[in-house]
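Summary of structural features
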Amino acid sequence: MVGAVLLAAAITLAPPAESAVVFANRTAFAETCTGTANTFPDRLAREARTALAALGWEVGGAVGPTFTRRAMATGASSAAFYVHSHGDLYWDSKSRSRAGGFRTDADRCLGAPIVLPSEISAARRGEPAASLVYISSCHNGERASRLPAAFGIAQRKVQGGSEPKSFYVGYVGIAWQGAAIRFERAFWRALLDGAAAGAAFDRALLSAYNPEHITPEWWGGYGHLPHAPSAE
């Protein structure tokens, strides 16, 4: 039923091909929920939004309580997609397996609705593979996560020849926000310097993040330039 609702919303409110979305869960990391002040979700979202806009994308999305399942339904078919939230290998009753995913904000410390790969696949039905997907969360860079496939991106690395026009970034295991912001800042800066996605990823690996706190992973076309079509 949830998948049907997501699909219906995507059909009626599908974003244009030039669009990107940035979502960030603020509430789950807020001082009222954790006891510690935390501005990382807003900073990570701002970096992603600024970079995607500079790459030519028309950027939408939601940060904080307006990051809901309904907002996800309208943005899931965008060509470029960024989300920062809690992520895990959640149980997906449709596939009867653990399949990755992330929590919406929905103004809840705990128990916020989870977005699963099967729901994103339903919302993106008929759409081409996404150009750039960055899932800034725990566990969604692992092969057990099916989020890459939900966005039409195969879990393989292609360098040279006929590369796919798509790139996916996620983190393996636990991802700490302090390390993520350093890595992601370097990744976006490299893209804005004109580097291809794979080269930007490699450059970010050389940044001052703590490798004990995140393990980045990628799939897609190493030489892909994730610019909006009109900017290429």
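Residues numbered from 1 in each chain as written. Predicted model: local features only at pLDDT ≥ 70, side-chain atom pairs only at ≥ 80, totals over all residues. Heavy atoms only, no water.

1. Structural notes on the packing of aromatic side chains
Here a ring pair, both rings aromatic, is described through the centre-centre distance and the interplanar angle of the planes. The final tally for this structure, using the stated rule, is 18 aromatic pairs. When the centroid spacing of 6.4 Å and the interplanar angle of 45° are considered together, the rings of Phe 81 and Phe 102 count as tilted. With a gap of 21 residues between them, Phe 81 in strand S3 (residues 80-84) and Phe 102 in strand S6 (residues 102-103) connect regions that are remote in the sequence. By relative accessible area, which is 1% here, Phe 81 ends up buried. Judged by its relative accessible area of 0%, Phe 102 falls in the buried class. Between Tyr 171 and Phe 183 the ring centres are 6.4 Å apart and the planes differ by 75°, which places this aromatic pair in the edge-to-face class. Of this pair, Tyr 171 sits in strand S10 (residues 167-171) while Phe 183 sits in helix H7 (residues 177-192), placing them 12 residues apart in sequence. Phe 183 carries the same exposure label as Tyr 171, and that label is buried. Counting every residue linked through ring pairs, the aromatic cluster contains Tyr 82, Tyr 134, Phe 167, Tyr 171, Phe 183, Phe 187, Trp 188, Phe 201, Tyr 209, Trp 218 and Tyr 222. (Phe/Tyr/Trp six-rings, centres within 6.5 Å; stacked < 30°, edge-to-face > 60°. Helix = DSSP H or I, 4+ residues; strand = E, 2+ residues; numbered from the N terminus. Buried < 20%, exposed > 50% of the residue type's maximum accessible area, 1.4 Å probe, protein only.)

2. Observations regarding the sheet that holds strand S2 (residues 58-63)
Strand order in this open sheet of 7 strands is S2-S1-S3-S8-S10-S11-S9, and the pairing throughout is mixed. What marks the edges here is a single partner per strand, and that holds for S2 and strand S9 (157-158). Here 5 bridges tie strand S1 (residues 19-24) to S3, and the two strands are oriented parallel to one another. By the bridge assignment, Ala 20 is partnered in S3 with Ala 80. (Pairing = 2+ DSSP bridges.)

3. A short note on the confidence of the model for the protein
Do not read the predicted coordinates in detail wherever pLDDT is low. Overall, the predicted model of the protein reaches an average pLDDT of 92, with 92% of residues at or above 70. This stretch, residues 1-12, has a pLDDT under 50; its non-local contacts, to residues over four places away or in other chains, come to 14 contacts. (pLDDT = per-residue confidence, 0-100. Contact = heavy atoms within 4.5 Å.)

4. Here we look at the state of the cysteines
The tally for this structure, following the rule as stated, stands at 1 disulfide. Between the sulfur atoms of Cys 33 and its disulfide partner Cys 109 the distance amounts to 1.8 Å. Sign of the S-S torsion, about -75° for the bond between Cys 33 and Cys 109, identifies this disulfide as left-handed. You can see Cys 33 sitting in helix H2 (residues 31-34) and its partner Cys 109 sitting in the loop between S6 and strand S7 (114-115), a full 76 residues away along the chain. No disulfide involves Cys 138; its sulfur sits 16 Å from the nearest other cysteine sulfur, which is in Cys 33. (Disulfide = S-S within 2.5 Å.)

5. A closer look at unusual backbone geometry
With phi around 60°, Asp 107 is a residue other than glycine that occupies positive phi space. In this structure, Asp 107 sits in the loop between S6 and S7. Since its relative accessible area comes to 54%, Asp 107 is described here as exposed. A positive phi angle, close to 70°, is found at His 139, a residue other than glycine. The residue His 139 is located in the loop between strand S8 (132-136) and helix H6 (147-150) in this model. By relative accessible area, His 139 is classed as buried at 17%.

6. Overview of the pairing of S3
Burial analysis of S3 places 5 of its 5 residues in the buried class, the great majority of the element. Side chains Ala 80, Tyr 82 and His 84 project from S3 onto one buried face, and the interleaved Phe 81 and Val 83 project onto a second face that is buried too. Strand direction decides the pairing type here: S3 and S8, joined by 5 bridges, are parallel. The residue bridging Ala 80 from the neighbouring strand is Leu 132, located in S8.

7. Observations regarding the pattern of salt bridges
Under the definition given, this model contains 5 salt bridges. Of the charged contacts in the structure, one is a salt bridge between Asp 42 and Arg 26, with a shortest N-O distance of 2.7 Å. Residue Asp 42 is found in helix H3 (residues 40-54), and its partner Arg 26 is found in the loop between S1 and H2; the two are separated by 16 residues along the sequence. We classify Arg 26 as partly exposed; its relative accessible area is 32%. Here Lys 157 ties to Glu 217 by a salt bridge, and the two come within 2.7 Å at their closest N and O atoms. In this pair, Lys 157 is assigned in strand S9 and Glu 217 in strand S11 (residues 216-221), connecting sequence segments 60 residues apart. (Salt bridge = Lys/Arg side-chain N within 4 Å of Asp/Glu carboxyl O.)

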